[in-house]
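# Observations on chain architecture
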Amino acid sequence: MNVRLIKFPRHTDKYGNLVPIEENRDAPFEIRRVYYIYGVEQGVRRGFHSHVDLEQVLICVSGSVKILVKTPEEEQEILLSDPQEGLYIGPMIWREMFDFSEDAVLLVLASDHYRVEDYIRDYGKYAEMVKNGRSEDGRYDR
Ligand code: TYD
């Protein structure tokens, strides 16, 4: 699965911690968008989609959250609770986010602007697109 944990550099001194993230160095793409999710109530599960081309890095900068990443072949649950760590998720990976702690802030770095067309929100359709693979022009048939 095209998913991996990235450990960011951290500068720690008696004044606290600082974690810098640079595009194409710490995040393996050009960062075109940043957003964050917070104030998620207990029991809420969100996400439930894949992206066709988008790459993302998820960082839980406060609190903790669990991420399910899934393909038709395998699935994995990852606990994010370390602000020095990011979860890279490549294209065509189904994801769900759950078990947000009350103080959780999930920061997301994305390789592109918000594009509704890049979302696949139906798991059956996602699985079928994975099965059919990319055409010769590098695109997925929808
Ligand atoms: P949504 O995709 O439902 O969140 P998730 O899949 O993570 O549970 O997004 C919630 C709302 O925010 C939805 O109305 C779309 C909007 N949105 C933007 O306008 N820009 C963005 O970059 C993102 C990620 C969402």
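Cut-offs applied
Residues numbered from 1 in each chain as written. Predicted model: local features only at pLDDT ≥ 70, side-chain atom pairs only at ≥ 80, totals over all residues. Heavy atoms only, no water. Pairing = 2+ DSSP bridges. Helix = DSSP H or I, 4+ residues; strand = E, 2+ residues; numbered from the N terminus. Core = buried A, V, L, I, M, F, W, Y, C linked by side-chain atoms within 4.5 Å. Buried < 20%, exposed > 50% of the residue type's maximum accessible area, 1.4 Å probe, protein only. Contact = heavy atoms within 4.5 Å. Near = heavy atom within 4 Å. Polar contact = N/O pair within 3.5 Å; in protein donor to acceptor, adjacent residues only side chain to side chain. Areas by Shrake-Rupley, 256 points an atom, 1.4 Å probe, with all protein chains shown as cover. Nonpolar A, V, L, I, M, F, W, Y, C, P; charged D, E, K, R; others polar.

Examined bridge by bridge, strand β7 (residues 65–70) and strand β8 (residues 75–80) share six bridges and lie antiparallel to one another. Within the sheet, the bridge partner assigned to K66 lies in β8 and is L79.

Right, let's get into the nonpolar core. One broad rule of soluble globular proteins: the nonpolar side chains tend to lie buried together. Membership of the largest hydrophobic core comes to 18 residues, with the highest contact counts inside it found for I67, L80 and L106. If you list the elements that add at least two residues to this core, you get β6 (56–62), β7, β8, β9 (85–89) and β11 (105–110). In this view, L80 contacts L5, L58, C60, G63, S64, V65, I67, E85, L87 and L106; residues no more than four positions away in its chain are not counted. Core analysis: the second largest hydrophobic core is formed by nine residues, I6, F29, I59 and L109 among them.

What follows concerns the sheet that holds strand β12 (residues 119–120). Across the sheet, five strands lie side by side as β8-β7-β10-β5-β12; this open sheet has antiparallel pairing. Edge positions in the sheet fall to β8 and β12, since each has one partner strand and no second.

Around the ligand lies a shell formed by R33, Y35, I37, R46, G47, H49, M97, Y114, Y119 and R121. Between the ligand and the protein, one listed contact pairs an oxygen atom with a side-chain N or O atom of R46 at 3.0 Å. Contact with the protein chains hides 59% of the accessible area of the ligand, taken as 530 Å² for the molecule alone. Within the residue set of the shell around the ligand, elements represented by two or more residues are β4 (33–38) and β5 (46–51). Taken together, the residues of the shell around the ligand sort by class into five nonpolar, two polar and three charged.

N-capping of helix α1 (residues 123–132) is provided by D122, with a side-chain oxygen placed 3.1 Å from the backbone N of G124. One or two positions beyond α1, positive phi appears at G133, with a value near 70 degrees.

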